[in-house]
Amino acid sequence: MNPIKSVAILFSFASTLLASCPLFADGRPYTVKANNKVDSDTFIGYKVYRTWCARCHGTFGQGLAASDLTKTLKTTDRDEFFTVVARGKKGRIGVMPAWQSNDSVMKNRDRIYSYLRARADGALGAVTPELID
Ligand code: HEC
């Protein structure tokens with residue numbers, strides 16, 4: 001086999017392994033089972049997201065009046081996400097409000113991130129999440 005091809009295969013095998021393991025790959029912050037069963041942090045993240053963010057970014061983050069977060073989160077890391085949520089952002093299509101005086105959002109930023117990360121990674125589809133029982 002051509003060496004470049006075998007390296008590529010090895011690499012894709014390694015990334016599949018990492019992607020399926022919650023402890024690796026930049027500390028994947030969620031657990032998803034059976035399509036829509038999630039851990040409690042991700043579940044709370046979804047609830048808070050629905051309350052404060054969905055009216056602009058869509059029920060499942062897919063975009064509405066504001067951007068599709070399942071796409072932008074592919075290139076937004078956790079720190080950047082935290083900063084944008086706290087301070088807001090003037091984007092191309094409008095203005096993202098700052099949330100730093102909203103306790104419910106601020107204390108759940110990690111959880112909202114878990115939910116949106118699961119969506120952006122494709123681990124969770126545009127489905128209503130349920131708690132893992
Ligand atoms: C009033 C509408 C509105 C609400 C509510 C809102 N956003 Fe936004 N958000 C925006 C706009 C507009 C942008 C900028 C999009 C652009 O033009 O790039 C944005 C951008 C972002 C970005 C930066 C990535 C990107 O796509 O530009 C993140 C992350 C984000 N929002 C998360 C959230 C979260 C989390 C919440 C809930 C706590 C939330 N937003 C609530 C309007 C909103």
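Thresholds, definitions, all that
Positions within a chain are numbered from 1, following the residues in the order the chain's sequence is written. Predicted model: local features are reported for residues with pLDDT of at least 70 only, side-chain atom pairs are reported and counted for 80 or more only, and whole-chain, interface and lining totals are derived from all residues. In computing side-chain values, all of the structure's heavy atoms are included and hydrogens and water are not. For the purposes of this entry, the term helix denotes a DSSP run of H or I that reaches at least four residues, the term strand denotes a run of E that reaches at least two, and both are numbered from the N terminus. For a helix, the expected span equals 1.5 Å multiplied by the residue count minus one. Each residue gets one of three labels from its accessible area relative to the maximum for its type: buried under 20%, exposed over 50%, partly exposed in between, using a 1.4 Å probe on protein chains only. Two residues qualify as a contact provided that any one of their heavy atoms is within 4.5 Å of a heavy atom in the partner residue. Directions are taken from the helix axis to each C-beta atom, and the arc is the one they span. Think of a polar contact as two N or O atoms within 3.5 Å of one another; within protein, one of them needs to be a possible hydrogen donor and the other a possible acceptor, and neighboring residues in sequence only count if both atoms come from side chains. A 2.8 Å cut-off from the metal defines N, O and S donors, relaxed to 3.2 Å for Na, K and Ca; water is not in the atom list, so some sites may appear incomplete. Tetrahedral means four donors with every angle between 85 and 135 degrees, whereas square planar (four donors) and octahedral (six donors) require angles over 155 degrees between opposite donors and between 65 and 115 for all others; sites fitting neither are termed irregular. When a carboxyl oxygen of Asp or Glu is within 4 Å of a side-chain nitrogen of Lys or Arg, the pair counts as a salt bridge. For two strands to pair, DSSP has to find at least two bridges joining them. In this text, near means that some heavy atom of the residue lies within 4 Å of the molecule or strand in question. Each cavity reported here is a set of points on a 1 Å grid over the protein atoms alone in which a 1.4 Å probe fits but cannot get out, each pocket an open set with protein on both sides within 12 Å along at least five of seven lines, and each lining residue one with an atom within 4 Å of a point. For a molecule to be placed in a cavity or pocket, more than half of its atoms must lie within 2 Å of the grid points of that cavity or pocket. Under the convention adopted here, Pro, Cys and the residues Ala, Val, Leu, Ile, Met, Phe, Trp and Tyr are nonpolar, Asp, Glu, Lys and Arg are charged, and Gly plus all remaining residues are polar.

- Under an unreviewed UniProt entry, the name given to the chain is Cytochrome c domain-containing protein, and the source organism is Methylophaga marina.

Considering helix α7 (residues 109-120)
Phase 1 of the analysis: An ideal rise of 1.5 Å per residue puts 16 Å on 12 residues; α7 measures up with 16 Å between its terminal C-alpha atoms.
Phase 2 of the analysis: By the criterion of burial, α7 is predominantly enclosed, with 10 of the 12 residues buried.
Phase 3 of the analysis: Of the residues making up α7, those classed as buried are Arg-109, Ile-112, Tyr-113, Ser-114, Tyr-115, Leu-116, Arg-117, Ala-118, Arg-119 and Ala-120.
Phase 4 of the analysis: Each element contacted by the buried residues of α7 is listed here: β1 (32-33), α2 (40-52), α4 (69-72), α5 (78-87) and α6 (103-106).
Phase 5 of the analysis: Gly-122 occupies a position one or two residues after α7 and carries a positive phi of about 80°.

Regarding α5
Phase 1 of the analysis: Regarding α5, the residues found buried are Phe-81, Phe-82, Val-85 and Ala-86. An end-on view of α5 places all buried positions within 125° of arc, on one side of the element. Exposed and facing more than 90 degrees away from the buried side of α5 are Asp-79 and Arg-87.
Phase 2 of the analysis: As for α5, its buried residues are in contact with β4 (95-96), α6 and α7.
Phase 3 of the analysis: Its side-chain oxygen 3.3 Å from the backbone nitrogen of Asp-79, Asp-77 forms the N-cap of α5.
Phase 4 of the analysis: Where α5 ends, the next residue or the one after it, Gly-88, has phi of about 80°, a positive value.

Observations regarding the coordination of the iron atom of the ligand
Phase 1 of the analysis: Taken together, the protein donors to the iron atom of the ligand comprise His-57 (NE2) and Met-96 (SD), at separations of 2.0 to 2.1 Å.
Phase 2 of the analysis: Coordination geometry of the iron atom of the ligand: the six donor atoms subtend angles of 87 to 179° at the metal centre, consistent with an arrangement described as octahedral. One end of the pair, His-57, is in helix α3 (residues 54-57); the other, Met-96, is in strand β4, with 39 residues separating them in the sequence.

Quick look at the pattern of salt bridges
Phase 1 of the analysis: Tallied over the entire structure, the rule returns six salt bridges.
Phase 2 of the analysis: Across the pair Arg-78 and Asp-110 runs a salt bridge, and its minimum N-O distance is 2.8 Å. Note that Arg-78 is positioned in helix α5 and Asp-110 in helix α7, a separation of 32 residues in sequence.
Phase 3 of the analysis: You can call Asp-110 partly exposed: its relative accessible area is 37%.
Phase 4 of the analysis: Here Asp-121 ties to Arg-117 by a salt bridge, and the two come within 3.4 Å at their closest N and O atoms.

Remarks on the sheet that holds β1
Phase 1 of the analysis: Pairing in this open sheet of three strands is mixed, and the strands run β1-β2-β5 from one edge to the other. Among the strands making up the open sheet, the edge pair consists of β1 and β5 (130-131).

Some details on the site of the ligand
Phase 1 of the analysis: The ligand sits among 23 residues. The nearest are Cys-53, Cys-56, His-57, Ser-67 and Met-96.
Phase 2 of the analysis: His-57 is positioned with one of its side-chain polar atoms (N or O) 2.8 Å from a nitrogen atom of the ligand.
Phase 3 of the analysis: Its atoms largely coinciding with the cavity grid, the ligand occupies the largest pocket.
Phase 4 of the analysis: Those elements that provide at least two residues to the shell around the ligand are α3, α4, α5 and β4.
Phase 5 of the analysis: Along the lines of polarity and charge, the residues of the shell around the ligand split into 15 nonpolar, five polar and three charged.

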